[in-house]
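# An overview of the molecular structure
Next come the chains, spelled out residue by residue.
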Amino acid sequence: MILTVTPNPSLDRTYEVPSLDRGEVVRATGDRMDPGGKGVNVSRAVAAAGVRTVAVLPLGGAPGALVAQLLDEQGIEAAPVPVAGQTRSNIAVAEPDGTLTKINAPGPELSGAEQESLLAAVGERSAGADWIACCGSLPRGLKPSWYADLVARAHAAGARIALDTSGPALLAALAERPDVVKPNAEELAEAVGRPLATVGDAVKAAEELRERGARAVLASLGADGQLLVDASGTYFASAPVDVVRSNVGAGDSSLAGFLIAGGTGPTALASAVAHGAAAVQLPGSAMPSPSDLAPNEVTLTSEAPLNRPLTEPAT
Ligand SMILES: Nc1ncnc2c1ncn2[C@@H]1O[C@H](COP(=O)(O)OP(=O)(O)O)[C@@H](O)[C@H]1O
Ligand SMILES: O=P(O)(O)OC[C@H]1O[C@](O)(COP(=O)(O)O)[C@@H](O)[C@@H]1O
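Residues numbered from 1 in each chain as written. Chains lettered and ligands numbered in written order. Predicted model: local features only at pLDDT ≥ 70, side-chain atom pairs only at ≥ 80, totals over all residues.

## Focus on the sheet that holds strand β2 (residues 10-16)
Operational definition: Two strands qualify as a pair provided DSSP detects at least 2 bridges between them. Starting at the N terminus, helices and strands are each numbered in turn, a helix being any DSSP run of H or I of at least four residues and a strand any DSSP run of E of at least two. Only the contacting stretch of a helix is used when fitting its axis, a line to C-alpha atoms as for every element, and angles between N-to-C directions run 0 to 180 degrees. A residue pair is marked as a contact if its C-beta atoms, positioned from the backbone, fall within 7 Å.
The 4 strands are arranged β3-β2-β6-β7 in an open sheet whose pairing can be described as mixed. Among the strands making up the open sheet, the edge pair consists of β3 (30-36) and β7 (100-103). Strand-to-strand twist in this sheet, taken as the mean axis angle between neighbours without regard to direction, amounts to 20°. Across 7 bridges, β2 lies against strand β6 (residues 88-94) in parallel orientation. Considered in β6, the bridge of Y15 is made with V93. Together, β2, β3 and β6 form the strand contacts of helix α2 (residues 61-73), whose direction differs from that of β3 by roughly 90°.

## A few points about the UniProt feature "domain: Carbohydrate kinase PfkB" (unreviewed entry) in the protein chain
Going by this rule: UniProt positions are given in the numbering used here, feature names are shortened, and annotations may be inferred rather than shown by experiment.
According to UniProt, the "domain: Carbohydrate kinase PfkB" (unreviewed entry) feature falls on residues 16-290. The span residues 16-290 shows a helical share of 38% and a strand share of 23%, and its end C-alpha atoms are spaced 25 Å apart.

## Focus on the pairing of strand β5 (residues 77-82)
This is how it is decided: If the strands point away from the viewer and the path from the first strand over the helix to the second runs clockwise, then the crossover is right-handed.
Two strands pair when backbone bridges link them, and strand β4 (residues 53-59) and β5 are joined in this way by 6 bridges, in the parallel orientation. When the sheet's bridge partners are listed, V56 is paired in β5 with A79. What joins β4 to β5 is α2, and the crossover it makes is right-handed.

## Describing the nonpolar core
Definition in use: Structurally, a nonpolar core is described as a collection of buried Ala, Val, Leu, Ile, Met, Phe, Trp, Tyr and Cys residues joined by way of C-beta atoms within 7 Å. Remark: C-beta atoms are placed from the backbone, and a residue is labelled buried if 20 or more other C-beta atoms sit within 10 Å of its own, exposed if 12 or fewer do, or partly exposed between those counts.
If you look at the biggest cluster of nonpolar residues, it comprises 94 residues, and the most contacted ones within it are I132, A133, L188, A202 and L259. Looking at which element gives the most residues to this core, the answer is helix α9 (residues 265-280), with 10 residues. Among all residues touching L188, those that are not within four sequence positions of it are P183, L196, A202, A205, A206, A219 and A314.

## Remarks on the site of ligand 2
This is how it is decided: We call a residue near a molecule or strand if the C-beta atom, set from the backbone, is within 6 Å of it. Polar here means any residue other than Ala, Val, Leu, Ile, Met, Phe, Trp, Tyr, Cys and Pro, which are nonpolar, and Asp, Glu, Lys and Arg, which are charged; Gly is therefore polar.
Contacts to ligand 2 come from 18 residues, most closely from G36, K38, N90, G136 and S137. Listing elements by their share of the shell around ligand 2, those giving two or more residues are β2, α1 (38-48) and α8 (250-260). The element contributing the most residues to the shell around ligand 2 is α8, with 3 residues. Looking at the shell around ligand 2 residue by residue, the classes come out as 2 nonpolar, 13 polar and 3 charged.

## Structural notes on the site of ligand 1
Around ligand 1, a shell composed of 17 residues is seen, among which N184, S220, A223, G251 and G276 lie nearest. If you list the elements that add at least two residues to the shell around ligand 1, you get α8 and α9. A per-element tally of the shell around ligand 1 places α9 first, with 4 residues. Here the residues of the shell around ligand 1 are counted per class, giving 8 nonpolar, 9 polar and no charged.

## A word on the packing of helix α6 (residues 185-192) against helix α7 (residues 199-211)
Rules: Relative orientations are named as follows: roughly parallel for angles under 35 degrees, roughly antiparallel for angles over 145 degrees, roughly perpendicular for angles from 65 to 115 degrees, and oblique for any other angle. For a crossing to be left-handed, the near helix must be turned anticlockwise from the far one by less than a right angle; the clockwise case is right-handed.
Their axes nearest at 10 Å, the elements α6 and α7 cross at an angle of 60°. Relative to α7, the element α6 lies oblique. Handedness of the α6/α7 crossing: left-handed. Across the interface between the two elements, A185, L188, A189, A191 and V192 of α6 pack against A202, A205, A206, E208 and L209 of α7. A class-by-class count of the residues in the contact of α6 with α7 yields 9 nonpolar, no polar and 1 charged.

## Quick notes on the environment of T87
For T87, the location among the structural elements is in the loop between β5 and β6. The spatial distance from the C-alpha of T87 to the C-alpha of M33 is 14 Å, given a sequence separation of 54 residues. Beyond its immediate chain neighbours, meaning those up to four positions away, T87 contacts P9, S10, L11, L59, G60, G61, P63, G64, V67 and P108.

What follows is the structure, encoded as structure tokens:
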């Protein structure tokens, strides 16, 4: 069972538009609504693979009720913690050339009692969890050390932890030795405080996160694929994609792929890349089903192409 924790979930709205013209009325050619937030997306992808998952998340107001309804319709088991504030709505605008503009709202502020209820809900649901995936930004009210506390508690309960967050929350949690962290290139650059121009730069940055406490680093590098740096070495994997439809949730899909394939080593990395490549070819934050995957198209090597420039250098 894979338990996910999303302290700041969202109602994700994606609009497909011919072009995004600032200051104009833009008519959408398509729109969709998904239950969102990084851990929620991981649960959706895990469930699509037929693996049991429970999503722990605070929900409030009408958007929160809609997220609960959408999760229910998709057959995702949720452990919602009621909160007084309103769950945020995040907007993504997708253009035909693959450009995606996202507006992520800050979300509600959680009171001290609500934070405790959230931690208690994780404790109650973690029995039997193979992995606990703690994902996304922290809502207002939660200290940057909140994930660090969660990692310590979950380790004490015997679970393995995957952490996908950024900034001070990521740095604070490293000392508690999360089993895997999944930064994207920007988050990795921010964590080490320097830009990343090549795959080799990303490898060095991932090694630095290991030195600071992460047991393994799964770094997603957008179109360039993904790196896994763990105690056994460095692995690099990528998969071709003809047309990117929406990269919302691609990283979440790839973390799910990694965890359902065991959460460790090159086989899990290949699954992560297959899931990421499949996700970007689907609309909005739709998560891939097994029939969307093309595992034979993944190229995996233990010789990362260190000198290869990143398609999108991280600043
Ligand atoms: N433009 C792309 N072409 C091919 N694969 C992609 C592309 N963008 C993302 N992916 C796949 O999805 C994974 C996660 O995407 P990434 O943008 O790195 O993460 P995040 O969504 O966390 O920012 C990548 O490692 C890759 O496997
Ligand atoms: O918690 P954050 O960092 O604000 O991100 C939340 C957003 O991220 C998502 O999980 C998508 O992930 P990506 O932005 O990494 O593709 C959306 O479902 C959600 O709207």
